[in-house]
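For reference, the chains in residue letters:
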Amino acid sequence: MSLLPELSNEEIARYSRHLILQEVGLEGQRKLKASKVLCVGTGGLGSPLLLYLAAAGVGTIGIVDFDFVDASNLQRQIIHGTATIGVSKVASAKARIADLNPNVTLDIYEEPLTAENALRIFAGYDVIVDGTDNFPTRYLVNDACVLLGKPNVYGSIFKFEGQATVFNHQGGPNYRDLYPEPPPPGLVPSCAEGGVLGILPGVIGTIQATETLKILLGIGTTLSGRLLLYDAMNLRFRELKLRRDPDAKPITELIDYQGFCGLTPEPLAPSEPFTRLSARQAHERRQAGWDPYVLDVRKPFEAEIVALPFADRLHPHEDVLTIAASLPRDRDILVHCKLGGRSAKACEALAAAGFTRLFNLDGGITAWATDVDPTLPTY
Amino acid sequence: MATLHIPTPLRAYTEGQAAVRVDGTTVGEALAALESAHPSLTKHLRDASGKLRSFVNVYVGDEDIRFLEREATPVGADTEITIVPSIAGGGR
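This one's a predicted model, so the numbers in the text were calculated from it and none came from an experiment.

### Things to note about the overall build of chain B
Here's step 1: Counting secondary structure elements, chain B contains 2 helices and 5 strands.
Here's step 2: In chain B, the order of α-helices and β-strands from amino to carboxyl end is β-β-α-α-β-β-β.
Here's step 3: The globule rule puts the C-alpha radius of gyration for 92 residues at 12 Å, and the 13 Å found for chain B is close to it.
Here's step 4: Here the C-alpha coordinates of chain B stretch approximately 40 × 30 × 25 Å along the principal axes.
Here's step 5: Going through the 92 residues of chain B one by one, you find that 34% of them count as buried.
Here's step 6: Pairs at least 24 apart in sequence give 51% of the contacts found in chain B among residues at least 6 apart.

### Observations regarding the sheet that holds strand β5 (residues 152-158) of chain A
All names here are of chain A.
Here's step 1: A sheet is described by the order of its strands in space; here 8 strands give the open sequence β3-β2-β1-β4-β5-β6-β7-β8, paired in mixed fashion. The open sheet has two edge strands with one neighbour each: β3 (105-109) and β8 (236-241). The sheet shows a mean angle of 15° between the axes of neighbouring strands, taken without regard to direction.
Here's step 2: Pairing of strand β4 (residues 127-130) with β5, which is carried by 3 bridges, proceeds in the parallel orientation.

### Brief notes about the environment of Asn-234 of chain A
All names here are of chain A.
Here's step 1: As for its position among the elements, Asn-234 is in the loop between β7 (226-231) and β8.
Here's step 2: The class of Asn-234 is exposed, set by 7 C-beta atoms lying within 10 Å.
Here's step 3: With 73 residues separating them along the chain, Asn-234 and Glu-161 place their C-alpha atoms 9.9 Å apart.

### Some details on the interface of chain B and chain A
Here's step 1: Opposite the 21 residues of chain B that make contact, chain A presents 39 residues.
Here's step 2: Put simply, the parts of the chain that give the side of chain B that touches chain A at least two residues each are β4 (63-64) and β5 (80-85) of chain B.
Here's step 3: Counted by class, the side of chain B that touches chain A contains 10 nonpolar, 7 polar and 4 charged residues.

### Thoughts on the sheet that holds strand β3 (residues 56-60) of chain B
Residue and element names in this part refer to chain B.
Here's step 1: If you trace the 5 strands from one edge of the open sheet to the other, you get β2-β1-β5-β3-β4, paired in mixed fashion. With one partner strand each, in any of the chains shown, β2 (19-22) and β4 form the two edges of the open sheet.
Here's step 2: Bridge count between strand β1 (residues 2-5) and β2: 4 bridges; the pairing is antiparallel. Paired with Ala-2 across the bridge in β2 is Val-22.
Here's step 3: Here helix α1 (residues 27-37) sits on the sheet in contact with β1, β2, β3 and β5, set at roughly 115° to β2.

### Considerations on the confidence of the model for chain B
Here's step 1: Predicted confidence across chain B gives a mean pLDDT of 92, with 98% of residues reaching 70 or more.
Here's step 2: This complex was scored by the predictor with a pTM of 0.81 and an ipTM of 0.93.

### Observations concerning the packing of helix α4 (residues 46-56) of chain A against helix α10 (residues 200-217) of chain A
Residues and elements named next belong to chain A.
Here's step 1: Taken N-terminus to C-terminus, the directions of α4 and α10 make an angle of 35°; their axes are 7 Å apart at the nearest point. For the pair α4 and α10, the crossing hand works out as right-handed. Listed contacts from α10 to Ser-47, Pro-48, Leu-49, Tyr-52, Leu-53 and Ala-56 of α4 are Pro-201, Gly-202, Gly-205, Thr-206, Gln-208, Ala-209, Thr-212 and Leu-213.
Here's step 2: For the contact of α4 with α10, the class distribution of residues is 8 nonpolar, 6 polar and no charged.

### Re unusual backbone geometry
Both trends apply: most residues other than glycine have a negative phi, and most peptide bonds are in trans.
All names here are of chain B.
Here's step 1: The phi dihedral of Glu-15 falls on the positive side, at around 50°, and the residue is not glycine.
Here's step 2: Mapped onto the secondary structure, Glu-15 falls in the loop between β1 and β2.
Here's step 3: We note that Arg-70 has phi near 50°; this positive angle belongs to a residue other than glycine.
Here's step 4: Position of Arg-70 among the secondary structure elements: in the loop between β4 and β5.
Here's step 5: Classification of Arg-70 as partly exposed rests on a count of 15 C-beta atoms within 10 Å.

### Some details on the packing of α4 of chain A against helix α5 (residues 89-100) of chain A
Residues and elements named next belong to chain A.
Here's step 1: Where α4 meets α5, the axes come as close as 9 Å, and the angle between the chain directions of the two elements is 30°. It follows from the interaxial angle that α4 and α5 lie roughly parallel. By crossing handedness, the relation of α4 to α5 is classed as right-handed. For the pair α4 and α5, contact is made by Leu-50, Leu-51, Ala-54 and Ala-55 and by Ala-93, Ile-97 and Leu-100, respectively.
Here's step 2: When the residues that make up the contact of α4 with α5 are grouped by side-chain class, the tally is 7 nonpolar, no polar and no charged.

### Some details on α1 of chain B
All names here are of chain B.
Here's step 1: Looking only at α1, the buried set comprises Val-27, Ala-30, Leu-31 and Leu-34. One face of α1 carries all of its buried residues, which in axial projection span an arc of 95°.
Here's step 2: Where α1 is buried, its residues touch β1, β2, α2 (42-45), β3 and β5.

### Overview of the environment of Thr-206 of chain A
All names here are of chain A.
Here's step 1: Mapped onto the secondary structure, Thr-206 falls in helix α10.
Here's step 2: Sequence spacing of Thr-206 and Tyr-52 is 154 residues, and the spatial spacing of their C-alpha atoms is 7.5 Å.
Here's step 3: For Thr-206, the contacting residues outside a window of four places in its chain are Pro-48 and Tyr-52.

The rules behind each value
Residues numbered from 1 in each chain as written. Chains lettered and ligands numbered in written order. Predicted model: local features only at pLDDT ≥ 70, side-chain atom pairs only at ≥ 80, totals over all residues. Helix = DSSP H or I, 4+ residues; strand = E, 2+ residues; numbered from the N terminus. Rg over C-alpha atoms; globule rule 2.2 N^0.38 Å. Buried ≥ 20, exposed ≤ 12 C-beta atoms within 10 Å, placed from the backbone. Contact = placed C-beta atoms within 7 Å. Pairing = 2+ DSSP bridges. Axes fitted to C-alpha atoms, helices over the stretch in contact; angles between N-to-C directions. Nonpolar A, V, L, I, M, F, W, Y, C, P; charged D, E, K, R; others polar. pLDDT = per-residue confidence, 0-100. Left-handed = near helix turned anticlockwise from the far one by under 90°. Parallel < 35°, antiparallel > 145°, perpendicular 65-115°, else oblique. Arc of directions from axis to C-beta.

This is how it looks when you write it as structure tokens:
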């Protein structure tokens, strides 16, 4: 107790609702002031997390992110604002936190988290909170936490569903006990492709913040050993048991996480039965007279938001083969979707059905709007 | 018969259904019934050798079948089977 930092009069006034809670109290609040939490990601999950941890008086908060605030973030990333569109996310978050609670010391890491820097960055923190958006970083965060013996407060979201738990806490299971391996790329859609209800990360991120505070204070029962599932559409919470996997391989070092998640593109690219074109390349070809049949494989509601004015046909990628008979075999076919993933799958399906003149618009209509025709909206 | 809960990412392959009633006395039989009704699900649930993929967990009640009898785990009329795949969203 005597090693814990004192609270100023301003802090006593600020945290009064905590101080009168027996379970937190003066000692608990001083523990929070002495605590160090690292939040990986300042996006959908990181936004509510950072706001609540800062408001609660966690003394030192580290944030790792190298992205910039985009208008499409603001539907859910509430730490950022219209005034910070185009600003780096760490700078935007820093300004908001400084206003919310100037007592918080912020450590800024404006860099991608990698196998090279993770152990060094994590070393100084008591709890790591995973607010990332991709499988390679999630496995990296997990493995670094296991190697350093630090709790990993986990949350992830998709459309209307969320998952949360605490990994690697007091000998409890970790991410690899739950899912030994990641899905191959393309099989599980991202939020950018699948969409996400803006409030959903608010619920899951706030649960992560709650678990973080409980770990720091040493109170209550954490989600360690339990996977919490949240279904916003039917407002249902469920709990599943999470155990140490006796067959799990021990984690002894950090690895190549892009490769582990199948994201090293070189070996796959040459064998693809279609040609990839960037938006700029496709545009240049069209300028030079190229006249492909343009197939949009998104859902009709997406085409209502924005469509290429020269698209010939709209048909969702899942059952693109049902229209194969009506597609031209003697003409180039340019296939596109929102970001390029679904159209690549459609190209593969069509190639398997004997089509040979297939072109995939890499980056999809989003890249077209960004790089070729800025009058088109992005979504 | 058992009730099988389908997670959001896989509902694209079950015509949007969130839960289905399926025949079977084991998890494996229940999954086979689901897959025969919705063949496009199989490649998302199983690898080329037919094994459940390592990023797809199946629970009977609140227990992971990896810690029960895997696909031989018995199910009854009141059993709730839940498929829980790995999701990664949260940041961008």
